[in-house]
There are 4 protein chains.
Amino acid sequence: MKHIKTKYEIFRQKAFLIIYGSNTVAGRLFDLILLGLILLSVILVMLDTVEGFNKKYHNILIVLEWIITICFTIEYILRIITIKKAKNYIFSFYGIIDLIAILPMYLSIFIVGSNVLTVIRALRLLRLFKILNHPQFSGQSVQLRESIIASRGKILVFMYFLIISCIVIGSVMYVVEGKESGFTSIPVAIYWCIVTLSTVGFGDITPITPLGQFIASIVMIMGYGIIAVPTGIVTAEIAKSEIKRQTKKAIPCGQCGTADHNIQAKFCYKCGHEFPEI
Amino acid sequence: MKHIKTKYEIFRQKAFLIIYGSNTVAGRLFDLILLGLILLSVILVMLDTVEGFNKKYHNILIVLEWIITICFTIEYILRIITIKKAKNYIFSFYGIIDLIAILPMYLSIFIVGSNVLTVIRALRLLRLFKILNHPQFSGQSVQLRESIIASRGKILVFMYFLIISCIVIGSVMYVVEGKESGFTSIPVAIYWCIVTLSTVGFGDITPITPLGQFIASIVMIMGYGIIAVPTGIVTAEIAKSEIKRQTKKAIPCGQCGTADHNIQAKFCYKCGHEFPEI
Amino acid sequence: MKHIKTKYEIFRQKAFLIIYGSNTVAGRLFDLILLGLILLSVILVMLDTVEGFNKKYHNILIVLEWIITICFTIEYILRIITIKKAKNYIFSFYGIIDLIAILPMYLSIFIVGSNVLTVIRALRLLRLFKILNHPQFSGQSVQLRESIIASRGKILVFMYFLIISCIVIGSVMYVVEGKESGFTSIPVAIYWCIVTLSTVGFGDITPITPLGQFIASIVMIMGYGIIAVPTGIVTAEIAKSEIKRQTKKAIPCGQCGTADHNIQAKFCYKCGHEFPEI
Amino acid sequence: MKHIKTKYEIFRQKAFLIIYGSNTVAGRLFDLILLGLILLSVILVMLDTVEGFNKKYHNILIVLEWIITICFTIEYILRIITIKKAKNYIFSFYGIIDLIAILPMYLSIFIVGSNVLTVIRALRLLRLFKILNHPQFSGQSVQLRESIIASRGKILVFMYFLIISCIVIGSVMYVVEGKESGFTSIPVAIYWCIVTLSTVGFGDITPITPLGQFIASIVMIMGYGIIAVPTGIVTAEIAKSEIKRQTKKAIPCGQCGTADHNIQAKFCYKCGHEFPEI
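Thresholds, definitions, all that
Counting from 1, residues in each chain are numbered in the order their sequence is written. Each chain is given a letter, starting from A, and each ligand a number, starting from 1, according to the order in which they appear as written. Local features in a predicted model are, by the rule used here, given only for residues with pLDDT of at least 70; side-chain atom pairs are given and counted only at 80 or more, and totals for whole chains, interfaces and linings are based on all residues. Note that water and hydrogens are dropped before the side-chain values are worked out from all heavy atoms of the structure. Elements are defined by DSSP. Helices are runs of H or I of four residues or more, strands are runs of E of two residues or more, and each kind is numbered from the N terminus. Exposure categories follow from relative accessible area, calculated using a 1.4 Å probe and restricted to protein chains: below 20% of the type maximum is buried, above 50% is exposed, and the middle band is partly exposed. A contact between two residues is defined here by any heavy atoms of the two lying within 4.5 Å. Note that accessible areas follow from Shrake-Rupley with a 1.4 Å probe, and for residues the cover is restricted to the protein chains shown. Fitting of the copies onto one another was done by least squares over C-alpha atoms, counting residues only where both copies have pLDDT of at least 70. Think of a patch as exposed residues, more than 30% relative accessible area, with no salt bridge, where like charges cluster within 9 Å and nonpolar side chains (Val, Leu, Ile, Met, Phe, Trp, Tyr) cluster within 5 Å. Salt bridges are counted wherever a side-chain nitrogen of Lys or Arg sits within 4 Å of a carboxyl oxygen of Asp or Glu. Only centres within 6.5 Å qualify two rings of Phe, Tyr or Trp (six-membered ring in Trp) as a pair; their planes then separate them into stacked at under 30 degrees, edge-to-face at over 60, and tilted for everything else. Whether a charge sits over a ring depends on NZ of Lys or CZ of Arg being within 6 Å of the ring centre and within 35 degrees of the ring normal. UniProt positions are given in the numbering used here, feature names are shortened, and annotations may be inferred rather than shown by experiment. Where helices are involved, their axes are fitted lines through C-alpha atoms of the stretch in contact, as for all axes, and angles between N-to-C directions lie from 0 to 180°. Crossings are assigned a handedness: left-handed for a near helix turned anticlockwise from the far helix by less than a right angle, right-handed for a clockwise turn. Polarity classes work like this: nonpolar for Ala, Val, Leu, Ile, Met, Phe, Trp, Tyr, Cys and Pro, charged for Asp, Glu, Lys and Arg, and polar for all others, with Gly in that last group. By buried area we mean how much accessible surface two parts lose on assembly, using a 1.4 Å probe and totalling the loss over both. Any pair of N or O atoms that falls within 3.5 Å is considered a polar contact. Within protein, one atom must be able to donate a hydrogen and the other to accept it, and sequence-neighbouring residues count only if both atoms are side-chain atoms. Cysteine sulfur atoms are paired as a disulfide whenever they fall within 2.5 Å. Between the first and last residue of a helix there are one fewer steps than residues, each counted as 1.5 Å, and that sum is the expected span. By the counting rule applied here, Lys and Arg register as positive and Asp and Glu as negative, while His and the ends of each chain are not counted. Bend is computed residue by residue as the angle between axes fitted to the seven residues ending at the residue and the seven residues starting at it. Confidence scores per residue from the predictor, reported as pLDDT, run from 0 to 100.

(A) The arrangement of the overall build of chain A in detail. Each helix and strand in chain A was counted, giving 10 helices and zero strands. Going from the N terminus to the C terminus, chain A shows its helices and strands as α-α-α-α-α-α-α-α-α-α. Relative to its 278 residues, chain A shows a buried fraction of 49%. Taking as baseline every contact in chain A between residues at least 6 positions apart, the subset at least 24 positions apart corresponds to 53%. Counting only carbon and sulfur atoms, one obtains 71% of the accessible surface of chain A, whose full area is about 14200 Å².

(B) Main features of the relation of the copies chain C and chain D. Under the fitted operation, chain C is carried onto chain D by 0.0 Å of movement along the axis and a turn of 90°, and the coordinates agree to an RMSD of 0.1 Å. Here the transformation between the copies is reduced to the relation of a four-fold axis. When you check the interface residues of chain C against chain D, a mere 12% turn up at the interface there too, and the two sides of the contact use different surfaces.

(C) Just unusual backbone geometry, in detail. All names here are of chain A. Look at T199: it is not a glycine, yet its phi comes out positive at around 60°. If you trace the backbone, T199 turns up in the loop between α9 (186–197) and α10 (210–248). Overall, the relative accessible area of 5% leaves T199 in the buried class.

(D) Broad picture of a nonpolar patch on the surface. A surface patch of nonpolar side chains, about 500 Å² in accessible area, is lined by F53, Y57, I60, V63, L64 and I67 of chain A. Position of I67 of chain A relative to the elements: it lies in helix α3 (residues 51–82).

(E) Spatial organisation of the packing of aromatic side chains. All told, the structure shown has 32 aromatic pairs over all chains when counted by the stated rule. Ring plane angle 25° and centroid distance 6.2 Å describe the contact between W192 of chain B and F202 of chain C, whose orientation is recorded as stacked. Here F202 of chain C lies in the loop between α9 (186–197) and α10 (210–248) and W192 of chain B lies in helix α9 (residues 186–197), a pairing that spans two chains. Taken together, F16, Y20, Y76 and Y89 of chain A form an aromatic cluster joined through their ring pairs. Above the plane of the ring of Y20 of chain B lies R79 of chain B, whose end atom (NZ or CZ) is 5.2 Å from the centre. Sitting above the plane of the F72 of chain C ring, R124 of chain C keeps its charged end 4.7 Å from the centroid.

(F) Molecular detail of the UniProt feature "transmembrane region" (unreviewed entry) in chain A. Residues and elements named next belong to chain A. The UniProt record marks residues 29–47, 59–78, 90–113, 155–176, 188–208 and 214–239 with the feature "transmembrane region" (unreviewed entry), using the residue numbering of this structure. From the first C-alpha to the last, residues 29–47 spans 27 Å; its make-up is 100% helix and 0% strand. Overall, residues 59–78 shows 100% helix and 0% strand. The separation of its end C-alpha atoms is 29 Å.

(G) Broad picture of the packing of helix α3 (residues 51–82) of chain D against helix α5 (residues 93–107) of chain D. Residue and element names in this part refer to chain D. Packing of α3 against α5 leaves a shortest axis separation of 10 Å and a crossing angle of 145°. In the packing of α3 onto α5, the handedness of the crossing is left-handed. Between α3 and α5, the residues in contact are I62, E65, W66, T69, I70, F72, T73, Y76 and R79 and G95, D98, L99, I102, M105 and Y106, respectively. Residues of the contact of α3 with α5, tallied by class, amount to nine nonpolar, three polar and three charged.

(H) Expanded view of the pattern of salt bridges. According to the stated counting rule, one finds 20 salt bridges over all chains in the structure shown. A salt bridge links D98 of chain C to R124 of chain C; its shortest N-O distance comes to 2.9 Å. With D98 of chain C in helix α5 (residues 93–110) and R124 of chain C in the loop between α5 and α6 (127–132), this residue pair connects regions lying 26 residues apart in the sequence. Note on accessibility: D98 of chain C and R124 of chain C belong to one class, buried. When salt bridges that share partners are traced, they join E75, R79, D98 and R124 of chain A into one network.

(I) Looking closely at the interface of chain C and chain D. The interface of chain C with chain D comprises 48 residues on the first partner and 48 residues on the second. Together chain C and chain D conceal approximately 4200 Å² of surface at their shared face, both sides included; 75% is due to carbon and sulfur atoms. Notably, a salt bridge pairs E51 of chain D with K179 of chain C, separated by 3.0 Å at the nearest N-O pair. Taken together, the connections running from chain C to chain D amount to three residue pairs in polar contact (both at pLDDT 80 or more).

(J) Representation of the state of the cysteines. Residues and elements named next belong to chain B. Taken as a whole and assessed by the stated rule, the structure comprises zero disulfides over all chains. Take C193: it sits in no disulfide, and the sulfur closest to it among the cysteines is that of C166, at 3.8 Å. Accessibility expressed as a relative area gives 0% for C193, which makes it buried.

(K) Main features of helix α8 (residues 152–177) of chain A. Taking 1.5 Å of rise per residue, 26 residues should cover 38 Å, and α8 of chain A covers 36 Å from first to last C-alpha, within 8% of that figure. Of the residues trailing α8 of chain A, G178 of chain A is marked for its positive phi of about 80°.

(L) Up close: the side chain of E65 of chain C. Considering the arrangement of structural elements, one finds E65 of chain C in helix α3 (residues 51–82). For E65 of chain C, which is buried and forms no salt bridge, the nearest opposite charge comes from R121 of chain C, at a distance of 6.0 Å.

(M) Structural view of α3 of chain C. The principal kink in α3 of chain C, of about 80°, is found at Y57 of chain C. Taken together, the buried positions of α3 of chain C are L61, E65, I68, T69, F72, T73, E75, Y76, R79 and T82 of chain C.

(N) Representation of the environment of I208 of chain B within the structure. Residues and elements named next belong to chain B. Looking at where I208 falls in the secondary structure, it is placed in the loop between α9 and α10 (210–248). The exposure class of I208 is exposed, given its relative accessible area of 55%. Between the C-alpha atoms of I208 and D48, which are 160 residues apart in sequence, the distance is 41 Å. In this structure I208 touches E177, S181 and Q213, once residues within four positions along its chain are discounted.

(O) Expanded view of the confidence of the model for chain A. Residue and element names in this part refer to chain A. Confidence in the prediction for chain A averages 80 pLDDT; 81% of positions are at 70 or higher. Within chain A, helix α6 (residues 127–132) has the poorest average pLDDT of any element, 70, and α9 the best, 92. Our summary of model confidence lists the complex with pTM equal to 0.84 and ipTM equal to 0.81.

(P) Representation of the environment of S185 of chain B in the model. Mapped onto the elements of the fold, S185 of chain B is located in the loop between α8 (152–177) and α9. Residue S185 of chain B is classed as buried on the basis of its relative accessible area of 6%. Those residues in contact with S185 of chain B, other than ones at most four positions away along the chain, are Y174 of chain B together with T49 and V50 of chain C.

(Q) The arrangement of the environment of L103 of chain B in detail. Mapping L103 of chain B onto the fold places it in helix α5 (residues 93–107). The spacing of L103 of chain B and V219 of chain B is 116 residues in sequence and 45 Å in space, taken between C-alpha atoms.

Given below as C-alpha cells:
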C-alpha cells in the first residue's frame, strides 16, 4: 500500500512541476499546448455563431468543443489533485476562471445554446502573462496595473460626478426632445448622454429640435474637458511611476546620502564620493 | 414659556447634530437613509418614464414619489429651523439644490408632467462626498477640483477659439454642402462641426459632396490636434499638483516651519536655517 | 487752412485713442459696442439661414445687416485714416479680416446669396483678446500658442505619416469592400479612414464584409495608439512650458549660481546665500 | 575593353551620387522630380477609381500610369546597378517598397484591376524624410519614433488585455442582444465592441434591448478610462525623452566627456572630475 502511495506521490510531484511550473521543458510545452487549446477553443465557439460556417461544420465543431472541454476538465482535476492546498487553487482568480471555462459546455446538455458562454475561456488567455514570465513584460504589466490602481481613487470620484451629470443632462434632454426624437424614457436619454459624453456617438438616437441640438453642443464641448480628466489622471500616475522606477534603481550615496543618482553613476554628483563596484 | 423654549432648544441642538453632523451614530444613519431615499426617488422618476412600467405601476410610483417628497420637505424645514443662521443654508449650494429637489412635485399639481423634473434630485447625490468625509476620497476630489480650477483660464481661452472656429467652419460647410445634405442652416452646420471636432460623430448629418468630404477630412485631422490641447492642459495641471503634494511631504524647516522645500535643499529658502544632515 | 488741418489732426489723434486704444473710458466703450455689433451681426447671418425665421423677418434682417455693414465700413475707413502708417494696419492680420468682413455684403448686390459669407465676421471676435488685455488671460493664450508652436514640428511629422497611412489603408479597404459597401472610390475610402482613425465614426460608410470589418478593427485598435501621439506631444510641451514659466521667474543665486529656486525663496537652497529684497 | 569599363564606372559613380545622394544640385533635383512623380502617380490611381473621372479620361490615365511605371522601373534598375552591394538596397525597407510599387502595374496585364494596388506607391512618400535631411525634422521624427518604440512593451500588454476584454464583452453582448439587433455572430459582436471601446461608434450596429444598452453604457464608461491608458503611456514616454534631451544639452565633463549629467551636478558621475564653478 505504501509502495503505491509513494509512486502516486512521485507522479503528483512530477505533474505539479509540469502543470504549475514553467521552468522545465515539459512544463513549457504543457503551457504552450494549453494556450493553443484555449485559443482554438475560443475560435471554435466564435465560428459556431457564424451562420454559414455553422450549417456546414456544426457537428465537427461540437465534437472538437467536447474534446477540448474534456481536456480542460482533466487539467482542472489534475490541478486540484497535484497541488498541496487545493483551496489555494480553487478559490484563486485563475481557479475560478478555469471552473467557469468548463461549466457552460456541461450545462449545454440541459440548456440548449448555453455553450456560447464557453467564450469566457478567453479569460484563460490571461495566463499568458504567467507563462511568459518574461521580466520586461511582467515589469510593464506590473507598472501599468500599479498606475491604474494608484489612480483608482480619482477615477472613482470622477465617475461618480460623471454618472450624476449624465442623469441630470439625460433628464433635461428627455424633457426637451421627447419621445418623437427617440428619447423614449429617461434611462434611454441617460444612455444617449453616456454615448455622447464618451465621444462614441453611435447616432442611433440624436437630438432633432434646435434646443436639443444646442444642449447637445454644450454637452459635447463639456465632453472635451471631461475626457481630458481621466487621461490626465492616468498620465500623471504613469509619469510618476516612471520616475519612481528610475529612482528606485539608484543606491543613495554612502557619504552624503543623496539619493537621486543617474543609474549609471559611478560617483556621487554632490560630494564626489566613489560608489563601490557591484 | 421659558421652559418650553429650552426644551425646543435642546431638540434643535439634537436635531442639528443628527441632520448636519455625521460623527454620531444617529447622524450617520440619517445620512445613509437620506442617500437611500434620494437614490430611490431618482430611480422612481426614471421608471415612471418607461412606457411598459408606467402603465402597470403608475399609481404606486406616484404615491411613493409623494411620500419621498413629503420626507424631503420635512427635512428641508428641519434644516432651516435647526441651523442658527438659516440664510447660510438657504442660499448655499446644497440649500438651493434641496429646494429645487422638492419644488417640481408640488408644481405637478398645477402643471401635468412637471414631476419629471424631480430628477434634479440626482444632484443631491453630491452629498455623498460630504457624508463620506473620508480623508483619502475628499483629498482626491479636492486635488481634482483644484487641477480643474487651475486649468480654467487656459480651457476658457481654448473654448473661445474653438467656438469661433466652429462658427467659421460650420458656415463654410453650409455654403459647400447646402440643404440637400442635411446642412439646413448655419446653426445646424455649427452643430455638425461641434459633433465632428469633439470626435462624437453621430452621423445624422454627413457631407456628401467631394469638396465637403475634403473639408471634413481637414477638420477631423485638425480635431486630432485640438483634442490634444485640453488633455494636455489638464494633465500638466494634475502632474504639477501631484509634484506639489509630494514636495509638501518633505520635512518642514525646524526654525520657521515652511514645508514646501525642494527635496535636495540644504537650507530653508525662507529663513536660511541649515537643515541637519540626514 | 492750417487751422483746419490742426483741427483735423486733433480729431485724428482723439479718434485713434478711441479706436485703437482701450485705456480710456471712450476707448473701452467703443470696443464693447464693436464686440456687440460683431456678435449681433454673426447671429443675424445665422438666423437668416434658418428657414422659418428667414421667411418671417427677411426684410428686417437684411436692413439690420446693411446697417451693421455700413458701421463696419466707416470703422474700417476710420482705422485707415487715423493710424499713421496705414499699411501697418491694412496688411496686418486684423486689417485683412476687417476687410473680408465687409466685402461679402457689397458682393451680395451682384451675386445673390454671397451675404452668407459675412459669417467670416466671427473671426473679428478674436479681437476680444486684444480688448481684454487682461494679464492672466493673455498670459494663458500666449502659453497655449507657444506650446502649440513648439510642438508644430512633431505634429507635422506625425500628420505626414498619418496621411500616408490613410492613403494606404483607404486603398486596401477600397479593394476589400468595393462599391457595394459605399467605398465608391479611393478618395472616399481615404475619407472613411480619416473618419475612423480620428475616432469620429460617422457611420455613413461602414465595412460590411468580414475581412473589411477585421481590417477596420485593426485600424481602430491602431487608432488608439495613434490618438495618443499628438496628445502626448502637446502635453509634454505644455508641461515643459509650465516648468519653464516657473523657473523663469527665479533669479539665479549670486553666490553659487544655482538657478532653479522656488519662486518665493529668500535664501539659496544650496549655499544659504540671502537673496536681495526686490 | 578596359576603357569602356572605366567609362561605365564613371557613369555609375555619377549616377550613384545623383540617385542616392542629396547634396549635389542634380541629386536634389532628382529627389524633387521623384517625389513629384510619386505624388502624381498616387493621385492618378485615386482619380482612376472615381466613376465620372474614369469614364472621361480612362485612356489618358492608363498611359500616364504606364509612363510613370516605366520611369520607376528604370530608377529601380539604376538603383541596383549603381550601388556597390546590390543586396543592401534590394532587401532594405525602401528597396522592398520600390519593388512593390512597380509590380502591380505589370501584374495588371494579366489580372484586370490589380493596377489599383499601385497606390502602395504612397509608401514611397516616406522618402521625404530621407530627402529633407533637415536636422530639426529628422530630430523630431527620431524622437517620436524612439518614444513609440520605448512605449511598445506597455502598449502590447495593454492591447492584449484589450483584445481579451473585447472577446468577453462581445460574447456577452451577442448573448444579450442576439441576431435581431445586428449582433449576428460573436466576431461581429467583437467588431462592435472594438468600435465602441475605441470611441469610434459607427452606429451600424447598436444595442436595442435595455440590458444591452446598460452593458454598453458600462463598456463606454470603462472606455473612458481605457483610452486614457495608451495616451498616458505615450505622453510619459515623450515627456521623459524631452527631459533626456534637455539634460544632454548640459556641458560635457572636461575629463571624460560624459554628457548626460544632472543639471545640478558638481562632479562628473563617471570619473569624479569636479566641474569648474560657473
